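Take a look at the letters that make up each chain.
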Amino acid sequence: MTRSDGYLLDNRQTEAGRRFDAFATLFDPTTFRHLERFGIGSGWRCWEVGAGGTSVVSWLAKKVGPTGRVIATDIDTSWAASAARPPVEVRVHDVGAEEPPGEGFDLVHARLVLVHVPDRERALRSMVKALRPGGRLLVEDADPALQPLLCPDEYGPEQQLANRLRQGFRSLLAERGADLSYGRKLPRLLREAGLSGVEADAYFPVASPACTALESATIRQIRDQLVSAGLATDQDIDRHLANVASGSMDLATAPMISVWGRKR
């Protein structure tokens, strides 16, 4: 993911890899379904923005083949570096502050990236600029304000604690400039950027083992920030992690809204 210096979920932390694995399990089927609809195939030129892990990059590489090209960018490429072999090129790049790493792309894709970028408007302009006429843009981002609860069925103290910690997580994100209602804005923003054929859908996983894995990794990653901000105690976090590990909690994510369009 792309971040500012204050980005909460640093790619260099151990838990980042577990988060990327959980995201792949939860969201790759949705992402790949949309990309297949575009007709992606041999020879395509693709830009994967804020690549994070390798699952989408590796899938794109298989689709475009040796005659295609996949440029994977992030401000921290430590997890994506292992995919850096033809047709994949991995670059350190800040989509919210730098010019795009080329033009004439058939596809530009970003997943769970722009919500964290301080200059989201510039980042989106950059992504549109990088497309060839007729090229496709797919932006997928969360909208935590649409569904703010970790446990939508809040029937006991374990669920109440989980939702209190999720509220703390959202507070930390907002303090660092994340737009917690960004996902719902994307259809309008893509139309305003001049794209045609703009469509959108949303995916909202509930009670998945991957949701459990994601929550455990996330809480471990932000533990110190929650405690130092007075949003939770170490005892709260230990109790929540034990509740999550028990496997008896129905955990959800914020809806991921996928929006796509074509450059005129």
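On a predicted model such as this, the values are computed, not experimentally measured, just so you know.

A.B. asks: Just checking my understanding: could you explain the overall build of the protein chain for this structure?
C.D. replies: Summing up its helical and strand segments, the protein chain has 7 helices and 7 strands in all. Helices and strands appear in the protein chain in the N-to-C order α-β-α-β-β-β-α-β-α-α-β-α-α-β. For the protein chain, the C-alpha radius of gyration of 18 Å lies close to 18 Å, the compact-globule estimate for 264 residues. By principal-axis analysis of the C-alpha atoms, the protein chain measures approximately 55 × 35 × 30 Å. The buried share of the protein chain, reckoned over its 264 residues, is 56%. In the protein chain, of all internal contacts separated by at least 6 residues, the share reaching a separation of at least 24 is 76%. Accessible surface computed for the protein chain: about 11000 Å², of which carbon and sulfur atoms make up 48%. Across the protein chain, the 33 positively charged side chains and the 34 negatively charged ones have centroids separated by 6 Å.

A.B. asks: Quick question: what am I supposed to make of the nonpolar core here?
C.D. replies: Most often, soluble globular proteins have nonpolar side chains that are buried together. Formed by 26 residues in total, the largest nonpolar core has its most connected members in Trp47, Val108, Leu114, Met127, Leu137 and Leu190. Among the elements of the structure, strand 1 (45-49), strand 4 (105-111), helix 3 (120-129), strand 5 (131-142), helix 5 (186-192) and strand 7 (256-262) are those that each provide at least two residues to this core. Residues contacting Leu137, with those up to four places away along its chain left out, are Val108, Leu124, Met127, Val128, Leu131, Leu190, Leu195, Val259, Trp260 and Gly261. Listed in part, the 21 residues of the second largest apolar core include Leu35, Trp59, Ala72 and Leu138.

A.B. asks: In this structure, what is going on with helix 7 (residues 234-245)? I would like to understand it.
C.D. replies: One turn of the α-helix equals 3.6 residues, which is why residues spaced by three or four share an orientation. With 12 residues, helix 7 should reach 16 Å at 1.5 Å per residue; the first-to-last C-alpha distance of 16 Å fits that figure. Taken together, the buried positions of helix 7 are occupied by Asp236, Ile237, His240, Leu241, Asn243 and Val244. Taken around the axis of helix 7, the buried residues stretch over an arc of 160°, which confines them to a single face. Looking at helix 7, the residues exposed on the side facing more than 90 degrees away from the buried face are Gln235 and Ala245. Downstream of helix 7 by a residue or two, Gly247 has a phi angle that is positive, lying close to 80°.

A.B. asks: Please clarify how the side chain of Asp28 should be interpreted in this entry.
C.D. replies: Mapped onto the elements of the fold, Asp28 is located in helix 1 (residues 15-37). A relative accessible area of 8% means that Asp28 is categorised as buried. Setting aside its immediate chain neighbours within four residues, Asp28 contacts Phe23, Ser55, Val56 and Arg111.

A.B. asks: Is there a simple way to think about the environment of Arg184 in this case?
C.D. replies: Within the secondary structure layout, Arg184 lies in the loop between helix 4 (157-175) and helix 5. Along the chain, Arg184 and Ala200 lie 16 residues apart, while their C-alpha atoms are 9.4 Å from each other. Ignoring sequence-local partners within four residues, the contact set of Arg184 consists of Asp143, Ala145, Leu146 and Ile257.

Cut-offs used in this document
Residues numbered from 1 in each chain as written. Predicted model: local features only at pLDDT ≥ 70, side-chain atom pairs only at ≥ 80, totals over all residues. Heavy atoms only, no water. Helix = DSSP H or I, 4+ residues; strand = E, 2+ residues; numbered from the N terminus. Rg over C-alpha atoms; globule rule 2.2 N^0.38 Å. Buried < 20%, exposed > 50% of the residue type's maximum accessible area, 1.4 Å probe, protein only. Contact = heavy atoms within 4.5 Å. Areas by Shrake-Rupley, 256 points an atom, 1.4 Å probe, with all protein chains shown as cover. Lys, Arg positive; Asp, Glu negative; His and termini not counted. Charge placed at Lys NZ, Arg CZ, Asp CG, Glu CD. Core = buried A, V, L, I, M, F, W, Y, C linked by side-chain atoms within 4.5 Å. Expected span 1.5 Å × (residues − 1). Arc of directions from axis to C-beta.

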